[in-house]
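Commentary on secondary and tertiary structure
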Amino acid sequence: MEQSRRWMMLIASTWIQAFTGTNFDFSSYSSELKSVLGISQVQLNYLSMASDLGKAFGWCSGVSLMYFPLWVVLFIAAFMGLVGYGLQWLLIQKIIILPYFLVFLLCVLAGCSICWFNTVCYVLCIKHFPANRPFALSLSISFNGASAALYNLIANAINSEDDTLYLLLNGLVPLVASVAALPILLLPHSQTLHADSVHREHLNFRCLTILAVFTGLYLLILNSVSYSAETASILLAGALFLLVLPVIAPVVICAEEWSQLFHPNYMSLDDNDDLGLHDEMICKEASSINVWMENFHGSKEKESWTSSFLLRDRLLLLGEEHSANLLMRRLDFWLYYLAYFCGGTIVLVYSNNLGQISESLGYRSDISFLVALYSATSFFGRLLSTAPDFLRDKMYYARTGWLAFALIPTPLAFFLLVLSGSKAALGAATALVGLSSGFVFSAAVSITSELFGPNSAGVNHNILITNIPLGSLLYGLLAALVYEANLGKSNQLLELDGSKVCMGRNCYIQTFMWWGCISLLGVASSFLLFLRTKAAYDSQERNRNWMRFI
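Reading guide: rules and limits
- Residues numbered from 1 in each chain as written.
- Predicted model: local features only at pLDDT ≥ 70, side-chain atom pairs only at ≥ 80, totals over all residues.
- Heavy atoms only, no water.
- Axes fitted to C-alpha atoms, helices over the stretch in contact; angles between N-to-C directions.
- Helix = DSSP H or I, 4+ residues; strand = E, 2+ residues; numbered from the N terminus.
- Parallel < 35°, antiparallel > 145°, perpendicular 65-115°, else oblique.
- Left-handed = near helix turned anticlockwise from the far one by under 90°.
- Contact = heavy atoms within 4.5 Å.
- Nonpolar A, V, L, I, M, F, W, Y, C, P; charged D, E, K, R; others polar.
- Disulfide = S-S within 2.5 Å.
- Buried < 20%, exposed > 50% of the residue type's maximum accessible area, 1.4 Å probe, protein only.
- Phe/Tyr/Trp six-rings, centres within 6.5 Å; stacked < 30°, edge-to-face > 60°.
- pLDDT = per-residue confidence, 0-100.
- 1 Å grid on protein atoms, 1.4 Å probe; cavity = no way out; pocket = protein on both sides within 12 Å on 5 of 7 lines; lining within 4 Å.
- Points joined across faces, edges and corners; volume = space filled by probe spheres on them.
- Domains from an automatic or database assignment.

Digging into the packing of helix H17 (residues 344-352) against helix H22 (residues 409-419)
The N-to-C vectors of H17 and H22 enclose an angle of 40°; their axes lie 11 Å apart at closest approach. Put simply, H17 runs oblique to H22. Crossing angle aside, the handedness with which H17 passes H22 is left-handed. Contacts between H17 and H22 involve Ile346, Val347 and Tyr350 on the former and, on the latter, Thr410, Phe414 and Leu417. Residues belonging to the contact of H17 with H22 are distributed by class as follows: five nonpolar, one polar and no charged.

Here is the structure:
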């Protein structure tokens, strides 16, 4: 029964992720929020940034797990979201009146709830799948990208004309998902690992990934025809069926475990054996890297400043635990931080401004479709982050190298929008940004775990994403200032629902140029991180191959 419980934990994390990516649909109701509050684009940007500011307090969720059970932290996150989004919905319905500063605090609370949900899911995957941690993380996190598409189906099934409905759903749906996942989270933690479990895990992950791809295609293709309530209801039922379908995997595993009761001669490894094997591999990694370093230092390349930069304070092995103090002193961490700041964070700002971008280009009626497109392609990007593990036996590259490659579509998307403001260009750019962001957000959790230790990942990853509110403020403020500057041109000004709207390509073209250049800096930083960590990844892979043949 132990193995089936572990898979139920993974399924619970996918459910939580699928219904708690509430930050993806900000663009769906941002125009209504701007109109009700009577605020400028700069002030709206501050509200968008406030949601991301909540992530700066995400480290509190990692600390809270040291003192509270997992399910308690889950429901704290759910109630923070209920209050944060629920009061905003009452405001936008004009049932209550709130000052701007209080709305800002509600956005912070809502953003904090998202981060707490994510931490719960990260810990579930890291704790229950130590041998296949990247697979579990990527599969679970990928469903977070499906949230906007799912919320779009739910909203269309209830009332496709009411964009404010998203706020109510953001408050209620995560709470319902938490209640649904609670019985699974209360199951006891597995303490044993069967000798053949790793092989079976690979097979199960492949099946679940195929099912996830089908779910993503279902949401991507059929969301565009879900405008009527009847059609949306049918499609929503199909999507919920696909989310529940993976429960078959634990049932099959449970049947296998019952059959093994009649064949008790299988081998098992306890946690101490695994720990000893891990320690032995770390010693071998350190030894092999030290030899490589000695040979490298003996070469003429050591005289160049580039070699000095690539060698100074570099990580010698993967999986070494880093405290917060040690993390702050690592050059590799700051390269990683800059890559995320100029890559992952900037696409979040793009998604938050997607409503105003499409509105300024004259595609206001397509906002819901573009949000769903971004969500679905982000879903596939997250699934693609499993590629390094699926292809590991055929072609192996350091995960940081995959990260650098995944950041390349972001500047391409922004420069495409500089060249063209057509609907096709906007859709293509949104898809590129979605794919890139999905891969980065999913792979980043595994990279944090590999570079700075799995046990510290809950805190260290939340330290990493403190760049999100900073980037949201800077990049969003840049976009808002350019937007406001173009409102002064009478031929580009439009009064819509009592608020001023900038119309035309000039509203964002300078912003796209700046964002494209900044994202190129993220690509360069990620490439440097790859060069500095390649030796540690290669050493780990050599030891893995060595262990397979002994």
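Things to note about the state of the cysteines
Under the defined criterion, the tally for this structure stands at one disulfide. You can see Cys121 has no disulfide; the closest cysteine sulfur is in Cys125, sitting 6.8 Å from it.

Some remarks on H17
Every α-helical turn comprises 3.6 residues, leaving residues that sit three or four positions apart pointing alike. Where burial is concerned, most of H17 is hidden: nine out of the nine residues are buried. All buried positions along H17 are accounted for by Gly344, Thr345, Ile346, Val347, Leu348, Val349, Tyr350, Ser351 and Asn352.

As for the packing of aromatic side chains
Tallying each qualifying case throughout the model produces 18 aromatic pairs. On the numbers, 6.2 Å between centres and 65° between planes, the contact of Phe512 with Trp515 is edge-to-face. You can see Phe512 and its partner Trp515 sitting in helix H26 (residues 509-548), three residues apart, about one turn around the helix. As far as the burial class goes, Phe512 and Trp515 line up, both buried. Taken together, the ring pairs in this structure connect Tyr350, Phe414, Tyr483, Tyr508, Phe512 and Trp515 into an aromatic cluster.

A short note on the confidence of the model for the protein chain
In this model, the protein chain carries an average pLDDT of 79, and 80% of its residues clear a pLDDT of 70 or more. Of all helices and strands in the protein chain, the one with the weakest mean pLDDT is strand E2 (residues 268-269) (39), whereas H22 scores best (94).

Some details on the layout of surface pockets
Once rolled over the atoms, a probe with the size of a water molecule shows which space is left empty. Taken as a whole, the second largest pocket encloses approximately 340 Å³ of empty space. For the lining of the second largest pocket, the elements supplying multiple residues, two or more each, are helix H2 (26-37), helix H8 (147-159) and helix H19 (367-384). Of the residues contributing to the lining of the second largest pocket, the split by class is five nonpolar, ten polar and five charged. Counting contributing residues, the lining of the second largest pocket receives three or more from each of domain 1 (1-188 + 198-256) and domain 2 (317-547).

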